[in-house]
Amino acid sequence: MRRVISSSLARCAGTVCVTSALLQLPQRRFQSQAPPGAPQQGRQQAPGAARADYEHGHETEREFEPPKKPTEVPKFVKINTTDKGITNVQLARAPVNSLSLEFFQELNQWMLWLGSNEETKAVVISSAIPTVFSAGLDLSEVHNPKPERISLFWQSFQEMWLILNSFPKPIIAAINGNSPAAGCIIAMGCDYRVMARGPKDNQNNSRLYRIGLNETKLGLVAPPWTMPAYAYLMGSRQAERMLQLGETPVADDALKLGLIDEVTPDDERAVEVAYQQAERFLTVPQQSRWMARDMMRREYLQMLASDEERNYDTEFFTQFVQSPEVQKNLETYLQRLKSRSRK
Amino acid sequence: MRRVISSSLARCAGTVCVTSALLQLPQRRFQSQAPPGAPQQGRQQAPGAARADYEHGHETEREFEPPKKPTEVPKFVKINTTDKGITNVQLARAPVNSLSLEFFQELNQWMLWLGSNEETKAVVISSAIPTVFSAGLDLSEVHNPKPERISLFWQSFQEMWLILNSFPKPIIAAINGNSPAAGCIIAMGCDYRVMARGPKDNQNNSRLYRIGLNETKLGLVAPPWTMPAYAYLMGSRQAERMLQLGETPVADDALKLGLIDEVTPDDERAVEVAYQQAERFLTVPQQSRWMARDMMRREYLQMLASDEERNYDTEFFTQFVQSPEVQKNLETYLQRLKSRSRK
Amino acid sequence: MRRVISSSLARCAGTVCVTSALLQLPQRRFQSQAPPGAPQQGRQQAPGAARADYEHGHETEREFEPPKKPTEVPKFVKINTTDKGITNVQLARAPVNSLSLEFFQELNQWMLWLGSNEETKAVVISSAIPTVFSAGLDLSEVHNPKPERISLFWQSFQEMWLILNSFPKPIIAAINGNSPAAGCIIAMGCDYRVMARGPKDNQNNSRLYRIGLNETKLGLVAPPWTMPAYAYLMGSRQAERMLQLGETPVADDALKLGLIDEVTPDDERAVEVAYQQAERFLTVPQQSRWMARDMMRREYLQMLASDEERNYDTEFFTQFVQSPEVQKNLETYLQRLKSRSRK
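Residues numbered from 1 in each chain as written. Chains lettered and ligands numbered in written order. Predicted model: local features only at pLDDT ≥ 70, side-chain atom pairs only at ≥ 80, totals over all residues. Heavy atoms only, no water.

### Things to note about the overall build of chain A
Scanning chain A from terminus to terminus reveals 14 helices and ten strands. Burial status across chain A gives 64% buried among its 343 residues. Sequence separation of at least 24 residues holds for 77% of the intrachain contacts in chain A that already meet a minimum separation of 6. If you sum the accessible surface of chain A, you get close to 13100 Å²; carbon and sulfur atoms cover 50% of it. (Helix = DSSP H or I, 4+ residues; strand = E, 2+ residues; numbered from the N terminus. Buried < 20%, exposed > 50% of the residue type's maximum accessible area, 1.4 Å probe, protein only. Contact = heavy atoms within 4.5 Å. Areas by Shrake-Rupley, 256 points an atom, 1.4 Å probe, with all protein chains shown as cover.)

### Examining the pattern of salt bridges
A full pass over the atoms with the stated rule returns 57 salt bridges over all chains. E272 of chain A is the salt-bridge partner of R269 of chain A, the closest N and O atoms lying 2.6 Å from each other. Here E272 of chain A and R269 of chain A lie together in helix α11 (residues 267-281), a separation of three residues that amounts to about one turn. Exposure remark for R269 of chain A: the relative accessible area of 31% places this residue in the partly exposed category. For E272 of chain A, a relative accessible area of 40% gives the class partly exposed. When salt bridges that share partners are traced, they join D191, R193, D261, R289, R293, D294 and R297 of chain A together with R237 and E240 of chain C into one network. (Salt bridge = Lys/Arg side-chain N within 4 Å of Asp/Glu carboxyl O.)

### Digging into the packing of aromatic side chains
Tallying each qualifying case throughout the model produces 36 aromatic pairs over all chains. Here W154 of chain A and F317 of chain A contribute two aromatic rings whose centre-to-centre distance is 3.6 Å and whose plane-to-plane angle is 10 degrees, an arrangement assigned as stacked. Placement of W154 of chain A in helix α6 (residues 147-165) and of F317 of chain A in helix α13 (residues 307-321) is noted, with a sequence separation of 163 residues between them. Residue W154 of chain A is classed as buried on the basis of its relative accessible area, which comes to 2%. Summarising the aromatic geometry, the rings of F157 of chain B and W225 of chain B are spaced 5.1 Å apart at their centres and angled 70 degrees between planes, so their arrangement reads as edge-to-face. Highlighted residues: F157 of chain B in helix α6 (residues 147-165) and W225 of chain B in the loop between β9 (211-212) and α8 (227-234), separated in sequence by 68 residues. Here the two residues F157 of chain B and W225 of chain B agree in accessibility, since each one is buried. Among the aromatic side chains, those forming a connected cluster through ring pairs are F104, F153, W154, F157, W161, W225, Y232, Y300 and F317 of chain A. It is R93 of chain B that lies over the ring of F76 of chain B; its NZ or CZ is 5.6 Å from the centre. (Phe/Tyr/Trp six-rings, centres within 6.5 Å; stacked < 30°, edge-to-face > 60°. Lys NZ or Arg CZ within 6 Å of the ring centre and 35° of its normal.)

### A word on the environment of A251 of chain B
All names here are of chain B. Counting through the fold element by element, A251 comes out in helix α10 (residues 251-257). Residue class for A251 comes out buried when judged on its relative accessible area of 1%. Taking the C-alpha atoms as reference, A251 lies 9.3 Å from V194; in sequence the two are 57 residues apart.

### Considerations on the sheet that holds strand β4 (residues 122-127) of chain A
All names here are of chain A. Strand order in this open sheet of six strands is β1-β2-β4-β6-β8-β10, and the pairing throughout is mixed. The sheet is open, and its two edges are formed by β1 (77-81) and β10 (262-266), each paired on a single side. The average undirected angle you get between the axes of adjacent strands in this sheet is 20 degrees. Pairing of β4 with strand β6 (residues 171-175), which is carried by three bridges, proceeds in the parallel orientation. (Pairing = 2+ DSSP bridges. Axes fitted to C-alpha atoms, helices over the stretch in contact; angles between N-to-C directions.)

### Let's talk about the confidence of the model for chain A
Residues and elements named next belong to chain A. Across chain A, the average pLDDT comes to 85, with 81% of residues at or above 70. Here residues 1-29 is a poorly scored stretch, pLDDT under 50, and it has 98 contacts once near neighbours within four places are set aside; other chains count. This stretch, residues 31-62, has a pLDDT under 50; its non-local contacts, to residues over four places away or in other chains, come to 96 contacts. Interface confidence for the predicted complex, given as ipTM, is 0.86, next to a pTM of 0.87. (pLDDT = per-residue confidence, 0-100.)

### Description of the pairing of strand β8 (residues 192-198) of chain C
Residues and elements named next belong to chain C. Within β8, six of the seven residues are buried, which leaves it mostly tucked inside the rest of the structure. Taken together, the four bridges between strand β6 (residues 171-175) and β8 define a ladder with parallel strand orientation. By the bridge assignment for β8, A174 is matched with V194. Summarising the sheet, β8 and strand β10 (residues 262-266) pair through four bridges and their orientation is parallel. Looking across to β10, one finds that G198 is bridged to D266.

### Digging into the sheet that holds strand β1 (residues 77-81) of chain B
Residues and elements named next belong to chain B. Spatial strand order, β1-β2-β4-β6-β8-β10: six strands in an open sheet with mixed pairing. Only two strands of the sheet have a single partner each, and these edge strands are β1 and β10 (262-266). Within the sheet, the average angular offset between the axes of one strand and its neighbour, ignoring direction, is 20 degrees. As defined by bridge partners, strand β2 (residues 86-91) adjoins strand β4 (residues 122-127) across six bridges and the pair is classed as parallel. Directly across from L91, in β4, lies its bridge partner S127. Taken strand by strand, helix α11 (residues 267-281) contacts β2, β4, β6 (171-175), β8 (192-198) and β10, and its axis lies near 165 degrees from that of β8.

### Re the pairing of β4 of chain A
Across a regular strand the side chains alternate sides, sitting on one face of the sheet and then on the other. Counting buried positions over the six residues of β4 of chain A gives six, a clear majority of the element. Neither face of β4 of chain A is open: one carries A122, V124 and S126 of chain A, the other V123, I125 and S127 of chain A, and all of them are buried.

### Looking at helix α14 (residues 324-342) of chain A
When the terminal C-alpha atoms of α14 of chain A are compared, their 27 Å separation across 19 residues agrees well with the 27 Å that a helix rising 1.5 Å per residue should span. All buried positions along α14 of chain A are accounted for by V326, Q327, N329, L330 and Y333 of chain A. Within α14 of chain A, the buried residues cover an arc of 160 degrees as seen down the axis, which keeps them to one side. In α14 of chain A, the exposed residues that point more than 90 degrees away from the buried face are P324, K328 and R342 of chain A. Against the buried residues of α14 of chain A lie α5 (139-142) and α13 of chain A together with α12 (286-301) of chain B. (Expected span 1.5 Å × (residues − 1). Arc of directions from axis to C-beta.)

### A word on the side chain of Q158 of chain A
Residues and elements named next belong to chain A. With respect to the secondary-structure elements, Q158 resides in helix α6. Owing to a relative accessible area of 2%, Q158 belongs among the buried residues under this scheme. Among all residues touching Q158, those that are not within four sequence positions of it are W225, L304, R310, D313 and T314.

### Describing the environment of R197 of chain A
Residue and element names in this part refer to chain A. Along the chain, R197 falls in strand β8 (residues 192-198). When the C-alpha atoms of R197 and P285 are compared, they prove to be 32 Å apart, with 88 residues separating the residues in sequence. Apart from residues no more than four positions distant in its own chain, R197 is found in contact with N205, R207, L208, Y209, A251, D252, V263, T264 and P265. Engagement of the side chain of R197 in a polar contact is seen with the side chain of D252, the distance being 2.7 Å. (Polar contact = N/O pair within 3.5 Å; in protein donor to acceptor, adjacent residues only side chain to side chain.)

### Examining unusual backbone geometry
Among all residues save glycine, negative phi is the norm, and among peptide bonds the norm is trans. Residues and elements named next belong to chain A. With omega at 5 degrees, the peptide bond leading from A94 into P95 counts as cis. Note that P95 resides in the loop between β2 (86-91) and β3 (98-99). Positive phi, normally seen in glycine, also occurs at N144, with a value near 45 degrees. Its place among the elements puts N144 in the loop between α5 and α6.

### A word on the packing of helix α4 (residues 101-116) of chain C against helix α6 (residues 147-165) of chain C
All names here are of chain C. Close contact between α4 and α6 brings their axes to 9 Å; oriented N to C, the two are set at 30 degrees. Between α4 and α6, the interaxial angle falls into the category roughly parallel. Relative to α6, the crossing made by α4 is left-handed. In contact with L101, E102, F104, Q105, L107, N108, M111 and L112 of α4, α6 contributes R149, L152, F153, S156, F157, E159, M160, I163 and L164. Considering only residue class, the contact of α4 with α6 consists of eleven nonpolar, three polar and three charged. (Parallel < 35°, antiparallel > 145°, perpendicular 65-115°, else oblique. Left-handed = near helix turned anticlockwise from the far one by under 90°. Nonpolar A, V, L, I, M, F, W, Y, C, P; charged D, E, K, R; others polar.)

What follows is the structure, encoded as structure tokens:
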């Protein structure tokens, strides 16, 4: 027993390191974020993780360097930090913030940096594009996928999920537009979700934003590792029904279900409220805050806990998505989109 | 890793086979249901199931034949299929649809056939007997049980649970009468639950149907494998309190709790709405739909995942039910029923 | 298989013994509580626990004697039993029922005795101190902790949690005052929670009681083994947000969240209603009642299932609480309390 504890303490010595062996990859990269005087046992494993340690005791220690500030100007995101240290990460890939390999890679690099960057105290994620938070995965990545990209693409998606869920600072989603599928997944990874009912100039609520894992409607299936997280938010039964039918409720219904935490009348207000919530999440001792968050989410993150599980998931997805039936469903869906946009 | 995937793909080759190794028994029997062109990885294991494969890697492959249409005319159920391919399975064992070994065997055979039968697109389960959906287990099976029947009886109950929960087509419960104990369990295994408030000619709602796992009141206990499913529907705390006290709420309360999904004014309407819901569940690509359902329910089905676990559960039940205390409680309950019916 | 069952039956022979191997320590001590004629398989392991048996098969059988009535007059609790066999355990450590090592030891001894004592049919836990149910852990145990006490202290806290959650008789919390942190944990271990809105002479609801795991606000973190229980009551997402922010809702909000089961206008009424609920929980066959409770809670009790896990948890806590950062946070908090009390 003592051996296990010592080893996990050693691993964390002098740093805020991993929540648990589970999340080594992304969390290790937050190392430099260790506040001065952080306790040795700061990001120690919680009880219950001991068992995992036994099983994976053979995993060799990897060396991680603290993340560096990305040198290139970001193409797909806009990043601004207020006087109070709240950093706004705006998704900005026209026309609908669809998520490509390069988008995930850029977002992940910046998030890793922000996790370590002293100036940043909290993050608000919103969209720079009117009426859409994110349309989800870029379908050109999954329709007739390129074999050399598809695994990398999926791994970068997994990594985003792990980074969001283990981010060491408060992270608030300002959902200022429609947010289906992977758009919803970005919001699910945050600590708090504020959603706009619709756009600012919305007469009589004629335009209402929607959110939800609707992959089923396209003939796909939501990533298996998002399903327990969906249930975490709304209860298992609601999550199952919504997944089976690919439901995308409007903001007020999403609030009742528990999928989001707060509704605002419009997009602008959503971002304002997200800033206020970020400040609220900063009023408590931060080490305690993220320890509680980590302990609660550990269970649902276990599905991507090891390289082995991440690889299995990647193989599962790449084979599934390349099947004739899935490709046919995607084809049908894309044709329908095209014929709609022609009208 | 690859070995595991290949093996699980091989197992499923050319068929819609098992959700996972967990559910081999019933699901294998749906094999013939494979739609033309179904992808090899159709009913592949979801990520996370890999581990089970390692542990049970020694399980030998069994040969299953696709289920054949039962040759005998059903005694305890009535089966009718609409033009639209919705099959109504009516429970029809007078006087109160109590569930005997032969009832389970017949129901299971027909459900396996319907899972494979091309004509059937979805199933609606209802009762052919006025004011009772099902009174639950036939108490003559558990009061002074016959040693040679009791294990078979319990196994056929387990198998029904696995068949319902892994059924490859939408399956809607039209709860057109009281539904205590195992009656409730049938409904719990479906994809959607519509419940009538009371009978058609119900003056001032003077007669209200009830549903719930009330085994505690009889001195029994609900099957352990239904408890996580009860929590899945209503949250753990509500489920625990209802189990402790054996509560059987009326339809409107069951709806608020999440035990059912929809209330109708009367029995006839319940069946109509169930048909409408079946059609709604058919509007999405079906492979995606059941993959989502399978991934969500896998956790609670794990308690009956292997032969070993099913056998343990059967031994637990048979010993428990034969204990003097349980038999005394049943005796008391049956005496009370008798004295009531005499009045 | 049979071997496992036989061994677990043997272990329970003639007694109401452990729920499962998991809970040997406290539950074994209830042995004498076996009602006359209790079935051999009374407190048998539920299915699914089989696996644990395999893994821990090497655990040697320990001998436990039935608990004896404590010989000393209790210092920190008051104990009275009504004609109907409902025992009221009043927390009575002035000024605010803060929980010290000696408090836990005394409470645990008496609860073990009450679990076995024939006269006691059910227990109501309340506070003898106006306006506070319990202020939580005695901070003098955790601020500059004494090395020789801190492990014992934490173990006695763990043991209280196991005793409450596996108590063989109905146990109702009458929360007649504020109930933060470990105060809330006592209530969480009960079968039903009745909470007073405020004190009796409460003009215009100007004084409202609060409840919740607010450890985060002190720079601590709730015990990891209480987190799944918090989620059990309120759903994972609500639990996470409340843990992150250290929220302490008033009674009416706690009811909406599911943290408590019933609100009464004042303290006196809370105790009265708790007695009524105790009687309600006694109306069903008791073996069935606690079997259902045990099977439902087994999952969240697994975190303290073995000596190994309890030791790991204890080491985690003792190291965490002795870290400079935690001690600094406690110092700050205690200073604030002092300056407040001076005003």
